[in-house]
Amino acid sequence: MSDIKKGLIGVISDETKVSEVMPEINSLTYRGYAVQDLCENCKFEEVAYLILNNDLPNKKQLKDFENQEKINRSISNNLKNIIRNYPKNAHPMDTTRTSVSYMGLEDPEVNNNSPEANYRKSIRLMAKMSTIVAASFRVKRGENIIDPNNDLGFCENFFHMCFGKIPSKEVVKAFDASMTLYAEHSFNASTFTSRVISSSLSDLHGAITGAIASLKGPLHGGANEAVAHMIKEVGSADKAKDFILSKIKKKQLIMGFGHRVYRNGDSRVPTMTKYYHKTAKYYQNTELPKISKVLEDTMLKEKNIKPNLDFPAGPTYYLMGFDIDFFTPIFIVSRITGWCAHVMEQFENNKLIRPLSKYIGEPLRKVSNN
Ligand code: COA
C-alpha cells in the first residue's frame, strides 16, 4: 500500500490498439501510422475513419463514411434553442459539455452499448460536434446559426458554419492538420476519464460529457487558450524574454510547455509549427511567430522545457479568426474521434476501473452522545 503512484505516473492500466506514444523516439502513431505521415498524406475524414475502424479507408469506404458524417450533421431545433439560451457569459467548454449531454437525451440508441450502436453513435457525435461548436460560436458573437452545408468537406464545413465563408486552401489545410494532430493521444486525462465512465457500463454520451469536463482544465486541453492569451499579453517579441523570466521568478507555470509523457519534446510540435508559420505567412503576420520563437528559446535556455502541441495550435487558431474561448471546443471537434474509439475499445474487453486509495484521515472513533 505504500507504493502510491500519484497522478498514475508511469502506470500502464490497460492495453490499447488505438495509438502509441513513443517519447524515446519522439513518435506518435495512430493505428500504426505516424501522425506526421497522416498529416501530409490524408485529410481529417480519412484519419477519423482510421481511428474508428483500425484501417485507412479505400475509396468506397471513405465515400460511405463521409456520407454518414454529412447526413448526421444537423442538430435539432430544440438543441439550437438551448444553445441560443445559454447564459451569455457561460464558457463554450461548459455549453458544449451540456449540449453533448442533451444530445444523449435525444439519441434513440443512447443506452444501446452494442458495438454497432456505439459505432453509429460515434459518427453522430463526430458529425454533430462541429455543428454544436460552430452554432455556439455564432450565438456567442450575437450572430445567427448557420446550418451545415453537405456539399462541403468536414473542415470547410466547419469554417462555413463559423464564419459563413471558407478561407484559402492553405488555411483549411492548416486547420485540417491541427484536427489530425489533436485527434488522439492514448491514455491522456480526458480519454482516461471516458474509459473510466464506460467501465461501469455507462453510455457513450455520458463518457464524452465527462471527457469534455476533463479536457477543459488548463493542464490539459485548456492550454491552447492559455497560450493565445499569453501571446496577446506579451504583445511584441522584444517583451517575450522578460515575460518568461518574470514568470519563472514567480514560479508560475508557462502554458503550452511541458508534457507528462514527452520529456524531450512533443512529437506533434514540428508539424503544427510548420502549419502555424504557413498560416502566419498567409495572413502576413510576422510578429506572432517571432514572439513564439523568443518564448520557446527562453524556456529551453532557462528551464530546458519544450513546447507541446497547444503552443503552435493556439496562435494558429487565433490567426484564423476564432475567438480564444473556442480553441478548446475546437480541440473537441477532433478529439471526439479518439474518445469514441477508446470507449468502444473499453467495451470490447471491459474491466471496471476501480483503483485503491491509502486512507490518511482520522483514526477510527465513536459518535459521542454529548
Ligand atoms: N512552466 C514552468 N515549469 C514547468 C512547466 C511549465 N509549463 N511544466 C513543467 N514545469 C516544471 C514543474 O514546475 C516541475 O518543476 P519542479 O521539479 O521544480 O517542481 C518540473 O517542470 C516537472 O514538471 P511536472 O509538474 O512534474 O510535470 P507533470 O508531468 O506533472 O506535468 C504538465 C505536465 C503538462 C501538466 C505541465 O508541464 C504543465 O502544467 N504544463 C503547462 C500546461 C500545458 O501546457 N498543458 C498542456 C499539456 S499537453
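It should be noted that the structure appears before, not after, this text.
Position numbers for residues count from 1 along each chain, tracking the sequence in the order it is written. A pLDDT threshold of at least 70 governs which residues receive local features in this predicted model, and a stricter bar of 80 or more applies before side-chain atom pairs are shown or counted, although totals over entire chains, interfaces and linings include all residues. In computing side-chain values, all of the structure's heavy atoms are included and hydrogens and water are not.

Digging into the site of the ligand
Here a residue counts as near a molecule or strand whenever at least one of its heavy atoms sits within 4 Å of it. Near the ligand there are 19 residues, and of these Ile254, Gly256, Phe257, Arg260 and Asn308 occur at the shortest range. Measuring from a nitrogen atom of the ligand, one finds a backbone N or O atom of Phe257 at 2.8 Å. The term polar contact refers here to a pair of N or O atoms within 3.5 Å; inside protein, the definition further demands a hydrogen-donor-capable atom paired with an acceptor-capable atom, and it admits residues adjacent in sequence only when both atoms are side-chain atoms. Between the ligand and Arg260 there is a distance of 2.7 Å, counted from an oxygen atom to a side-chain nitrogen or oxygen. Within the complex, the protein chains bury 64% of what would otherwise be the 860 Å² of accessible surface of the ligand. In the shell around the ligand, the residues fall into nine nonpolar, six polar and four charged. To be clear on the numbers: accessible area is Shrake-Rupley with a 1.4 Å probe, and residue cover counts the displayed protein chains and nothing else. In this classification, Asp, Glu, Lys and Arg are treated as charged, Ala, Val, Leu, Ile, Met, Phe, Trp, Tyr, Cys and Pro as nonpolar, and every other residue, Gly included, as polar.

A look at the pattern of salt bridges
Oppositely charged side chains can form a pair if their charged atoms are brought close together. Salt-bridge detection follows one rule: a side-chain nitrogen of Lys or Arg within 4 Å of a carboxyl oxygen of Asp or Glu. All told, the structure shown has 17 salt bridges when counted by the stated rule. Close ionic contact of Glu109 with Arg124 constitutes a salt bridge, the shortest N to O distance being 2.8 Å. Taken together, the residues span a long stretch of sequence, with Glu109 in the loop between α5 (92-106) and α6 (115-140) and Arg124 in helix α6 at a distance of 15 residues. Assigned by exposure class, Glu109 and Arg124 land together as buried. What emerges from the salt-bridge pattern is a single network uniting Asp107, Glu109, Arg120 and Arg124. Strands here are runs of E lasting at least two residues and helices are runs of H or I lasting at least four, both read from the DSSP assignment and numbered beginning at the N terminus. Think of it in three bands: residues with accessible area under 20% of the maximum for their type are buried, residues over 50% are exposed, and the middle band is partly exposed, with areas taken using a 1.4 Å probe on protein chains only.

Brief notes about the nonpolar core
Take the buried residues of types Ala, Val, Leu, Ile, Met, Phe, Trp, Tyr and Cys, join any two whose side-chain atoms come within 4.5 Å, and each joined set is a nonpolar core. One finds Tyr30, Phe158, Phe175, Met179, Ile208, Tyr317 and Phe322 to be the most contacted residues of the largest nonpolar core, which totals 79 residues. With 12 residues, helix α16 (residues 327-348) is the single largest residue contributor to this core. If near-sequence neighbours (up to four positions away) are discounted, Phe322 is found in contact with Phe137, Phe158, Phe159, Cys162, Phe163, Phe175, Tyr317, Phe327 and Ile330. Core analysis: the next-biggest nonpolar cluster, separate from the first, contains 18 residues, Ile231, Tyr276, Leu295 and Phe311 among them. By definition in these notes, contact holds between two residues if any of their heavy atoms fall within 4.5 Å.

Description of the packing of helix α2 (residues 44-53) against helix α8 (residues 169-182)
Between α2 and α8, the shortest axis-to-axis distance is 9 Å and the interhelical angle comes to 10°. The orientation of α2 relative to α8 falls into the category roughly parallel. Here α2 runs over α8; the crossing is left-handed. Residue-level inspection shows Phe44, Glu45 and Val47 of α2 in contact with α8, the latter providing Asp176, Met179 and Thr180. A per-class count over the contact of α2 with α8 returns three nonpolar, one polar and two charged. Lines fitted to C-alpha atoms define the axes here, with helix axes fitted over just the stretch in contact, and angles between the N-to-C directions of these axes take values from 0 to 180 degrees. Every angle not falling under 35 degrees, over 145, or within 65 to 115 is termed oblique; those three ranges are roughly parallel, roughly antiparallel and roughly perpendicular. Two helices crossing with the near one rotated counterclockwise from the far one by less than a right angle form a left-handed crossing, whereas a clockwise rotation gives a right-handed crossing.

Quick word on the packing of aromatic side chains
Think of it this way: a Phe, Tyr or Trp ring, Trp meaning its six-membered ring, pairs with another when their centres are within 6.5 Å, and the plane angle makes it stacked under 30 degrees, edge-to-face over 60, tilted otherwise. The full count for this structure, using the stated rule, is 20 aromatic pairs. A ring pair is formed by Phe137 and Phe326, whose centres lie 5.1 Å apart and whose planes are at 90°; its orientation type is edge-to-face. Linking Phe137 in helix α6 with Phe326 in the loop between α15 (310-320) and α16, this pair joins segments that are 189 residues apart in sequence. Pair check on accessibility: Phe137 and Phe326 agree, each one buried. Put simply, the rings of Phe137, Phe158, Phe159, Phe163, Phe175, Tyr182, Tyr317, Phe322, Phe326, Phe327 and Phe331 pair up and form one aromatic cluster.

As for the pairing of strand β1 (residues 19-22)
When β1 meets strand β2 (residues 27-30), the two strands line up antiparallel, connected through four bridges. If you follow Met22 over to β2, its bridge partner there is Ser27. In sequence, β1 turns back onto β2 through a hairpin of four residues, with Asn26 there showing a positive phi of about 50°. Strand pairing requires that DSSP identify at least two bridges connecting the strands.

Quick look at unusual backbone geometry
Even without being glycine, Leu8 reaches a positive phi, approximately 50°. Looking at the secondary structure, you find Leu8 in the segment before β1. By relative accessible area, Leu8 is classed as partly exposed at 42%. Positive phi, close to 55°, is recorded for Lys251, a residue that is not glycine. Classification of Lys251 by relative accessible area gives exposed; the value is 77%.

Examining the sheet that holds β2
Strand order in the open sheet formed by three strands is β1-β2-β3, with antiparallel pairing between adjacent strands. In this open sheet, the two edge strands, each paired with only one partner strand, are β1 and β3 (33-34).

So, the side chain of His185
Examined against the element boundaries, His185 turns out to sit in the loop between α8 and α9 (189-199). The exposure class assigned to His185 is buried, which follows from its relative accessible area of 5%. At 3.0 Å, the side chain of His185 forms a polar contact with the side chain of Tyr262. Other than its neighbours up to four places away in sequence, His185 contacts Ser19, Val21, Leu28, His259, Tyr262, Arg268 and Arg335.

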